Amino acid sequence: MIKNYFKIAFRGFWKHKLFTLINIIGLSIGISAALVIYLIVHFDFTFDKFHKDSDRIYRVVSNFSFQGEKGYNSGICGPLPEAVKSQVTGVEVAAPFYTLYGPNVFIPGKGNVPVRFKSQENMVLASPGYFKIFNYKWLAGSPKNALSAPNQVVLTSEQAKKYFSSLPYSQMIGKIVTYDTIKTTVTGVVESFTENTDFTFHDFISYSTGTVNKDLIDQMQLKEWESTNSASQLFVKLLPSANVSQIEKQLNDILKKNSPPKPESKGNTHGFSLQPLNDVHFNERYGDFDNGRIASKTTLYGLLIIAAFLLLLGCINFINLTTAQATQRAKEIGIRKTMGSSRAQLVIQFLSETFLITLVAVIISAALAPVILKLFADFIPAGIKANIFSQPSLILFLLLLTMVVSVLSGFYPAVMLSGYKPAMVLKNQAASNSSKTRNAWLRKSLTVTQFVIAQFFIMATVLVSKQIYYALHKDMGFKKEAIIIINSPWKNRVASKNQVFLNKLRSMPQVDMISVGNAPPSSGNTNSTIVVYRDGKKEVKTEVFLKFGDENYIPLYKIKLIAGRGLQPGDTSKSVVINTTYSKILGFESPREALGKMLNNFNGTKNLKVVGVVADFHQKSLHEPIKPLAIFTSTNNYQNGTFHISLKPQTSAGDEWKTAIATIGKSWKEIYPDDDFEYHFFDETIAKFYEKEQHTSTLLTWATGLSIFISCLGLLGLAIYTTNQRTKEIGVRKVLGATVSQIVTLLSTELVLLIILAFVIVTPIGWWAMNKWMQGFADRTSISWWIFAASGAGMLLAAVFTSSFQTVKAAIANPVKSLRSE
């Protein structure tokens, strides 16, 4: 019986090759999208799920509020871990760690010459509790005493082989590893994680080392309750009976006890909360550990919606084409029923045909998955694999997807076809008028749904592209082209070395201007402080964002000076330039009124004089509003060592910048021989602000193209069927004098009406969705009317163009042949 079902199915496929191909292509596109998106979503949602009792693991994070502005930090104040261990009930294990940034690692080599590993990352000071919370397999040493004393280190297997490649793990115990000035002894080796995780640390130095090493004591601030550092983090594992809100209350009580609110800080708050482990990979507020990507649940859910839409489009094509061909199989159904076939048997037969087509589409999709992953490699997370046979969950997903798509696509056509009555069918009355009308309305409804989805994608793609163009080309209030940013090595930031490097830069003919200071006008880094202004009547407290630079900083970036003067060499720690936003907050209607006013408690310095006011410029991306800002010259500009280099315009030869960079790199190696030369162009940094939106735009462009392609494929199939069914009518109309244009209009009128209906439905939905997305930008482009008009017109042109292949062919056919064939 089953063999007979498949034999009949293959005969039907061969007889209707074009419709079968359309169905396979449509389903293959939808299933390919679903498969790749499943890989992405599954990858992100499985991060750190393998830890035992992961639902009881939390990170303690810090929350701030100042003048209504909220701030978030993944770090804690240094003394908190010890206080938690001794004063908080309900905590089973507390595991603080402190991240080390770029230490040089030295391993004893041959002839007492150490082997150096430069600027290593993912290294932490960790307590023994770390290995009680997170599940590592021990290859050498014991978790009981591995980090129990200062100057001990535990290595992951991957890092251990990097340091001691010729030794077995057991012989690595007792070896010496030096991190800059921190000399440690290896006391354990653990197996590197193979699962998806944000915990990519591979060198674990004992946390107690921070109590005996002078440099670490200064960095970790283990007795400073007023300071919060993202490098210092704390994970806790709660007892099964513990209450999260009660733990948070105890944490904040400890903070209030050791750092009570000050009267002058009324309205400002600082508190702790517990962040679940499964939220670490997704929460942009706190980030992870400065070494991984933060996934967006909103983006992942958006991808799932795109996959569902593309699958739905493929299923709609199948339903439309199958129901449209129903009359061609009517006699077959009637004969089978007359010969004794039950309705259930016919349903199984039709579902088996759908299953075969879906199975072919799934096989094609599985073969295409690695190609698609490679095509989108720029913004698909590294580590995603499309090897089906190595992932049981992927096999299960494909089987489930095959069954769901088969039922979704084939159930209604199977029930409809199997419901034909034999007596009516054999009299050439396959269905009643009401049944025909019902089927026609279903096809029209599904076709409208396709057009709604396709037009929505078009609208979204156009708007996202418009906003990205606006963001990249908007005047942000400063120059961003032809500027190179170079940070001197933070461990070797010696003013004398930086001055020598600066002199070499100034002697280069390709360099137009140089400024030394800190961050550029717009960057991902922020530095702020509380500033108080008193005018004799009132006191204005403001959180002010800071920029440090020398006298060239403002002219190099062409920041517009609207009152007073810019910075001068003699302004060190005495004078400051503010932006227009801050002058308005201080209550001045005109920027000139702010000149000469004194600011207090400014970064520890009192009585700073406002000597200039600059026009507002964006300190971050357009997602953020412009904040009150102050620019001043620091006493340690050369010590800060961030070089802002403005290059002269290139000539027609276009190799001056390349030569300049090569010369700068050579000078760098002369002055900083132990450090790699790294630079970046400022405009590239600005572009990276919108990297996420650019990825979204690319995905939407592909989704739009695929949705239009699938819709037009189905439309072509329906056009072929409709013109074949109306061949006699078209012939008669031509004999009676109808022109080609009249016949094309007749055949296309219904299509145009369906697209217009879809446009009316999707326009308010599209406007609402786009307006909601645009709320994420403080400075945004307008949602122009032409976006909707262009989307509707584009869909109309694509649909009419696709159907015209068949309608024009039918209209110009010889009516004699049409009527003779009838």
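Only a predicted model underlies this, so the values are computations on that prediction, with no experimental measurement involved.

When strand S4 (residues 105-107) meets strand S9 (residues 176-179), the two strands line up antiparallel, connected through 2 bridges. By the bridge assignment for S9, Val105 is matched with Tyr179. Sheet topology note: the S9/strand S10 (residues 182-190) ladder contains 4 bridges and is antiparallel. Across the sheet, Val177 pairs through a bridge with Thr184, a residue of S10. Taken together, S9 and the strand that follows it, S10, pair antiparallel across an intervening segment of 2 residues, in which Asp180 is found at a positive phi of about 55 degrees.

Note on helix geometry: an α-helix contains 3.6 residues per turn, so any two residues three or four positions apart are oriented the same way. Taking 1.5 Å of rise per residue, the 15 residues of helix H8 (residues 244-258) would be expected to cover 21 Å, and the 22 Å separating its terminal C-alpha atoms lies within 8% of that figure. Along H8, the residues classified as buried are Ile247, Gln250, Leu251, Asn252, Ile254 and Leu255. For H8, the elements touching its buried residues are strand S1 (57-66), helix H3 (80-87), strand S3 (91-100), strand S12 (232-238) and strand S13 (269-276).

Once that is clear, we can look at the packing of helix H23 (residues 740-774) against helix H24 (residues 785-811). Viewed as axis vectors pointing N to C, H23 and H24 meet at an angle of 155 degrees, and their least axial separation amounts to 9 Å. In terms of their interaxial angle, H23 and H24 are classed as roughly antiparallel. The hand of the H23/H24 crossing is right-handed. Its residues assigned to classes, the contact of H23 with H24 shows 17 nonpolar, 6 polar and no charged.

With that settled, the discussion passes to the sheet that holds strand S23 (residues 642-647). Backbone-to-backbone hydrogen bonds pair the strands of a sheet. The strands run either parallel or antiparallel. Taking strand neighbours across the sheet as the criterion, the 4 strands line up as S15-S23-S14-S24 in an open arrangement whose pairing is antiparallel. Looking at the sheet topology across the chains shown, the edges are occupied by strand S15 (511-517) and strand S24 (680-681). Where S15 and S23 come together, 6 bridges link them in antiparallel fashion. Bridge assignment links Val516 to a residue of S23, and that residue is Phe643. The sheet contacts of helix H19 (residues 656-671) involve strand S14 (483-487), S23 and S24, and relative to S14 the element is tilted by about 15 degrees.

Turning our attention to helix H2 (residues 17-45). Under the 1.5 Å per step criterion, the end-to-end length of H2 is 41 Å for 29 residues, consistent within 8% with the ideal 42 Å. By the criterion of burial, H2 is predominantly enclosed, with 23 of the 29 residues buried.

What counts and what doesn't
- Numbers given to residues run from 1 along each chain, matching the order in which its sequence is written.
- Two thresholds apply to this predicted model, a pLDDT of at least 70 for residue-level local features and 80 or more for giving and counting side-chain atom pairs, whereas whole-chain, interface and lining totals are computed over all residues.
- With hydrogens and water stripped out, all remaining heavy atoms of the structure feed into the side-chain values.
- The criterion for strand pairing is that DSSP finds at least two bridges linking the strands in question.
- Strands here mean DSSP runs of E at least two residues long; helices mean DSSP runs of H or I at least four residues long; both are numbered from the N terminus.
- The length a helix should cover is 1.5 Å for every residue beyond the first.
- Exposure categories follow from relative accessible area, calculated using a 1.4 Å probe and restricted to protein chains: below 20% of the type maximum is buried, above 50% is exposed, and the middle band is partly exposed.
- Contacts between residues were defined by any pair of non-hydrogen atoms, one from each residue, lying within 4.5 Å.
- Lines fitted to the C-alpha atoms define the axes, with helices restricted to the stretch that makes contact. Angles between their N-to-C directions range from 0 to 180 degrees.
- Should an angle fall under 35 degrees it is called roughly parallel, over 145 degrees roughly antiparallel, and 65 to 115 degrees roughly perpendicular, with every other angle called oblique.
- Handedness of a crossing follows from how the near helix is turned relative to the far one, being left-handed for an anticlockwise turn of less than a right angle and right-handed for a clockwise one.
- Three classes are used: nonpolar for Ala, Val, Leu, Ile, Met, Phe, Trp, Tyr, Cys and Pro, charged for Asp, Glu, Lys and Arg, and polar for all others, with Gly counted as polar.

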